[in-house]
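Take a look at the letters that make up each chain.
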Amino acid sequence: MALAPVAGPASTVDGFVRQFLRNLNYERGVPLSAASANDRYFAFAMTVRDYLMARWLEDLRRQRVAQVKGVCYLSAEYLLGRQLDNNLLASGLTSIATTAMAECGIDIEDLRAAEVEPGLGNGGLGRLAACFIDSLATMGVPNIGYGIRYEYGIFRQTFQDGQQIEQPDSWLTMGSPWEFPHPEAAQPVSFGGYTEHYDDEGTERSRWIPAWNVLAIPYNYMVPGYQNGRVNTLRLWSAEATNRFDLRVFNAGDYAEAVRSQTFAENISKVLYPEDSTPQGKELRLQQQYFFVAASIKDFFDHQLAPDFDLANLPDRVIFQLNDTHPVIGVPEFMRVLLDEKKLDWDEAWAITQQCFAYTCHTLLPEALEVWSVDLLGRLLPRHLEIIYRINDEFLDAVRERFGDDEMRLRNMSIISEFPERSVRMAFLATVAGAKVNGVAELHSQLLRDKVLPDFNEFYPGKFTNVTNGITPRRFIRLANPGLSDLITEAIGTGWLTDLERLRELEASAEDPLFREAFASVKAANKRHLNDVLLVRDGFTVSDGHMLDVMVKRLHEYKRQMLKVLHIVTQYESIISGRVAASDIQPRTFIFGAKAAPGYAMAKRIIHLINAVGSVVNDDPRVEGRLKVLFPPNYNVTLAERLIPAADLSEQISLAGKEASGTGNMKFALNGALTIGTDDGANVEIRRLVGDDNFFLFGMSEPEVEALWARGYKPADFYQGDESLRRAIDLIASGAFSGGDKSVFEPIVSNLLYDDRFMVLADYSTYIAAQEKVDAAYADQDAWTHAAILNVARSGFFSSDRSMRDYIDRIWHAQPLR
Ligand SMILES: *Cc1c(COP(=O)(O)O)cnc(C)c1O
């Protein structure tokens, strides 16, 4: 697939240097001798961009002309990570660019380091969207990703006395070379007002008379495929006031009032909601959702669709994939456009809509299933509420026809719930409207069918399906782990980066002692590289000979960082009580990375506890340096790319039945870390593929969790019945990690003992036992490396290319363009 660089300004070293200097002089307005780090980064990024530009323009043209079925991916989040290295790799320009910069006396590493990562997502869901658009471009499938250009992405985390402090993430202050604003293609987006019904030559029609509107300005970003000459588009919307500034009011002296409407409108794309798994019932959040979805749908009709397109054929032309419920308001918006603007009748519009949308559910936590109060929806989007009511009426009629007047069933299935207040269940709306509904791992999809939406599964046989998540091997293997990538290519040749199942061919290499040695030295080099990064970033390093035990993901009780803390405290307690000699402990460094939602008090307390345990354990001479707890702040994609390739052990320890899929688990396995994990989410599939011998399973299964919950979970029984657990909890409760103050972590202790929904104590003993097996296994380094290689060799299934193929075959029925 490798693309020979076509003649173009940057496809030779000389050409690259000339184009770089040209960009520096003419775009940045500085000579090389006076260029700042940011100037150099910009000029360099622009040079890469210029190289991709011809391909982008060509792809845009071809997609417009071909009018083949395209995928519009609607996602409120894209956690992109840094762009420079990825785009360089996609262009195939890495070595030319490196040489060219060396000729200019510039270290390309400094350029990479100058980029601020756009953190336009919270965690897994946003990163998934970024992996998916990478795969679609690499597969040559026409796609536009639509989302929001938040002025402030996910907050920057720092710690003060071990506690999380949130700083605004002003990723745009230095500008971004990767975005192309198109104010001339702005779309107005309306809100509020009322509806009118009128007679249109015998047909009853409706129209919406909104009260106010804002402008949605598109910013385009390139999404280059991997060395295939293809470039798709990510289009993120930014909000601007329609009349930004009232000169009359300004002249009258009220300066604040003169910009009031501007401030109000521009709030819509100001910040990403720093939430994960739980919706915040905020009016602004609904405004954000409608804002980007309405602009995207209008953009599709105005700019993607040929003017004379027969709307009856829309299902052959587009599929809108809803990444969770955030864009579901797009369903009534699409209906509104077809009914009120395109003048289709209801049945026709609804038949089209039901084929043009598909919905991905990302959760199992009931509190994370988004609902909007009818009161708020009616105020903000009155026409949409009418449409939702009619969709629901017709849906419930159909349910009644099929199952009779079963009031209970009707109430359970209604898109409108009545308690605690009248509201719209967005997941139900998406399920009724979507051609397909998918979960994100086998277990999750099964639970979705059987437990979360069983009535819908019965009513719509065949609508529910599974697409197991994936990750892009370009970013998470090739870029993050060049040492491993080279080793793989040496062993099995090229081609695996776009056909990841080929990693299977490494199974034979696992039996080769020389390969194992080379694999182990790559891991060791990755640890050294991580140390360089951590030393500069945070002032600490991982000691030689330590197993690197990593738990990085959002901080949430269901993910159970507390279980990890209890393991650490158990080991620490066994040393200081003298029951175990420090010298008998397998040296480990525990690394945490996690942001807590600012309003999530328990999660923030757990962060505080992790840091507190770290400062006590790390400084206690009795431990003899054999246990270290490190918590580099501000976990993001850039840090993930450094940490994961260096990890020995991957912690995937959620309560079974709570983690929909996980994608962090896949990144670790593909980088040769062994997993300690529960039978949850995609862990189930990872274990099945890599084999029981190469995975440390522990904990209750999902049916066992349900059974214990039904019997009545009494955490105090586990506490009473397990001496080592009791000692660990008592040590935390004693104030040993809070300078003797028992009150600081008391809420955590009493939560664990009295009302922990996530059953940490129930899985404690099997977790500790599994960790003992980990220690024993790690003692045989060669056997560990063997298992690590098999993890890599057998995890090719988790490429997001495979996820995309599944979506294409089972949901989208789209084709690559030529
Ligand atoms: C992959 C990734 C996640 C998702 O991790 P999980 O362990 O699946 O929750 C979150 N944040 C970042 C920065 C990631 O790269």
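Going by the structure above, here's the rest.
Every value quoted in this text rests on a predicted model; they were computed, and no experiment measured them. (Residues numbered from 1 in each chain as written. Predicted model: local features only at pLDDT ≥ 70, side-chain atom pairs only at ≥ 80, totals over all residues. Heavy atoms only, no water.)

On to the overall build of the protein. When its secondary structure is counted, the protein shows 34 helices and 25 strands. Against the compact-globule benchmark of 28 Å for 818 residues, the protein has a radius of gyration of 27 Å, which places it among compact chains. Projected onto its principal axes, the C-alpha positions of the protein cover 90 × 75 × 65 Å. By sequence separation, contacts in the protein at least 24 residues apart represent 77% of the contacts at least 6 residues apart. Summed over its atoms, the accessible surface of the protein is roughly 30,600 Å², and 51% of this surface lies on carbon and sulfur atoms. Here the protein holds 83 positive side-chain charges and 110 negative ones, and the gap between their average locations is 2 Å. (Helix = DSSP H or I, 4+ residues; strand = E, 2+ residues; numbered from the N terminus. Rg over C-alpha atoms; globule rule 2.2 N^0.38 Å. Contact = heavy atoms within 4.5 Å. Areas by Shrake-Rupley, 256 points an atom, 1.4 Å probe, with all protein chains shown as cover. Lys, Arg positive; Asp, Glu negative; His and termini not counted. Charge placed at Lys NZ, Arg CZ, Asp CG, Glu CD.)

We now examine the environment of Thr766. Here Thr766 shows up in helix α32 (residues 760-779). Overall, Thr766 belongs to the partly exposed group, its relative accessible area being 35%. Along the chain, Thr766 and Leu111 lie 655 residues apart, while their C-alpha atoms are 47 Å from each other. Thr766 has contacts with Phe698 and Gly699, leaving out every residue within four places of it along the chain. Among the polar contacts listed, one links the side chain of Thr766 to the backbone oxygen of Asp763, at a separation of 3.3 Å. (Buried < 20%, exposed > 50% of the residue type's maximum accessible area, 1.4 Å probe, protein only. Polar contact = N/O pair within 3.5 Å; in protein donor to acceptor, adjacent residues only side chain to side chain.)

Our focus in this paragraph is the sheet that holds strand β15 (residues 371-373). Judged by pairing direction, the sheet is antiparallel, and its three strands sit side by side in the order β15-β17-β16 without closing on themselves. The sheet terminates laterally at β15 and β16 (416-417), the two strands that pair on one side only. (Pairing = 2+ DSSP bridges.)

Our next topic: the sheet that holds strand β20 (residues 547-552). Strands in a sheet are paired, the pairing made by backbone hydrogen bonds, and the direction either parallel or antiparallel. Strands sit in the order β22-β21-β20-β23-β24-β25 across an open sheet of six strands; the sheet is parallel. With partners counted over all chains shown, the strands left at the sheet margins are β22 (627-630) and β25 (696-697), one partner each. As judged from the two bridges shared by strand β24 (residues 674-677) and β25, these two strands associate in the parallel manner. Bridging from a neighbouring strand, Gly677 pairs with Leu697 of β25. Packing of helix α24 (residues 601-619) onto the sheet brings it into contact with β21 (588-593) and β22, and relative to β22 it is tilted by some 145°. (Axes fitted to C-alpha atoms, helices over the stretch in contact; angles between N-to-C directions.)

The next point concerns the environment of Cys361. Secondary-structure assignment places Cys361 in the loop between β14 (357-360) and β15. Looking at Cys361, the relative accessible area reads 1%, which means it is buried. Along the backbone, Cys361 and Glu517 are 156 residues apart, and their C-alpha atoms lie at a distance of 43 Å. If sequence neighbours within four positions are ignored, Cys361 has contacts with Asp324, Asn438, Gly439, Val440, His444 and Leu448.

Of all the residues in helix α28 (residues 702-711), the buried ones are Glu702, Val705 and Leu708. One side of α28 carries all its buried residues, which in axial view fall inside an arc of 125°. Opposite the packed face of α28, turned more than 90 degrees from it, sit the exposed residues Pro703, Ala710 and Arg711. Each element contacted by the buried residues of α28 is listed here: α17 (442-452), α29 (715-721) and α32. A positive backbone phi angle near 110° is found at Gly712, which sits one or two residues after α28. (Arc of directions from axis to C-beta.)

So, about the nonpolar core. In this structure, Phe16, Phe44, Phe291, Phe301, Leu314, Phe334 and Trp812 are the most contacted members of the largest nonpolar core, which totals 149 residues. Take this core: its biggest share by element is 11 residues, from helix α2 (residues 37-66). The next biggest cluster of nonpolar side chains, apart from the first, holds 108 residues, and it includes Met602, Val760, Trp784 and Ala788. (Core = buried A, V, L, I, M, F, W, Y, C linked by side-chain atoms within 4.5 Å.)

Not every one of the 14 residues close to the ligand is listed here, only the nearest: Lys553, Lys559, Thr663, Gly664 and Lys667. Within the contact set of the ligand, an oxygen atom lies 2.8 Å away from a side-chain nitrogen or oxygen of Lys559. The contact in question runs from an oxygen atom of the ligand to an N or O atom on the backbone of Thr663, over 2.8 Å. For the ligand, whose unbound accessible area comes to 390 Å², protein coverage reaches 96%. Of all the secondary structure elements, the ones that give two or more residues to the shell around the ligand are α25 (637-643) and α26 (664-670). (Near = heavy atom within 4 Å.)

This structure, assessed with the given rule, holds 51 salt bridges. Measuring nitrogen to oxygen at the nearest pair gives 3.1 Å for the salt bridge that ties Asp59 to Arg62. Of this pair, Asp59 and Arg62 are both found in helix α2, three residues apart, which corresponds to roughly one turn of the helix. This pair shows no difference in class: Asp59 is buried, exactly as Arg62 is. Several salt bridges share partner residues, and in doing so they unite Asp549, Lys564, Arg588, Glu651 and Asp775 into one network. (Salt bridge = Lys/Arg side-chain N within 4 Å of Asp/Glu carboxyl O.)

This next bit is on the pairing of strand β12 (residues 231-241). Burial runs high along β12: 10 of the 11 residues are buried. The pairing of strand β4 (residues 143-148) with β12 spans five bridges and is classified as parallel. Looking at β12, one finds that Ile144 is bridged to Thr233. In this structure, strand β11 (residues 212-224) lies alongside β12, joined through 11 bridges in antiparallel fashion. When the bridges of β12 are listed, Tyr219 appears paired with Leu236. In this structure, the hairpin formed by β11 and β12 is closed by a connection of six residues, where Gln227 is found at a positive phi of approximately 45°.

A few words now on the side chain of Asn531. Within the secondary structure layout, Asn531 lies in helix α22 (residues 513-538). Here Asn531 falls in the buried class, since its relative accessible area comes to 15%. A distance of 2.6 Å separates a polar side-chain atom of Asn531 from the backbone nitrogen of Val542. Ignoring sequence-local partners within four residues, the contact set of Asn531 consists of Phe540, Thr541 and Val542.

Interaxial distance between α22 and helix α33 (residues 781-793) falls to 10 Å at its minimum, and their mutual angle equals 85°. Classified by the interaxial angle, the pair formed by α22 and α33 is roughly perpendicular. On α33, the residues that touch Phe515, Arg516, Phe519 and Ala520 of α22 are Asp782, Thr785, His786, Ala788, Ile789 and Val792. (Parallel < 35°, antiparallel > 145°, perpendicular 65-115°, else oblique.)

A few words on α24. The end-to-end C-alpha distance of α24 is 27 Å, a good match for the 27 Å that 19 residues give at a rise of 1.5 Å each. Every buried residue of α24 is listed here: Met602, Ala603, Ile606, Ile607, His608, Leu609, Ile610, Asn611, Ala612, Val613, Gly614 and Val617. (Expected span 1.5 Å × (residues − 1).)

Our focus in this paragraph is the side chain of His384. Inspection of the secondary structure puts His384 in helix α14 (residues 382-403). Accessibility expressed as a relative area gives 0% for His384, which makes it buried. Apart from the residues within four sequence positions on either side, His384 is in contact with Trp208, Tyr290, Pro332, Glu333 and Arg336.

Going through the model one piece at a time under the given rule, you end up with 32 aromatic pairs. Relative to Phe357, the ring of Phe334 has its centre 5.2 Å away and its plane inclined at 80°; by these criteria the two rings are edge-to-face. On the criterion of sequence distance, the pair formed by Phe334 in helix α11 (residues 330-341) and Phe357 in strand β14 is long-range, its members being 23 residues apart. Taken as a pair, Phe334 and Phe357 share a single burial class, namely buried. (Phe/Tyr/Trp six-rings, centres within 6.5 Å; stacked < 30°, edge-to-face > 60°.)

Without other data, these values stay purely geometric and don't point to any function.
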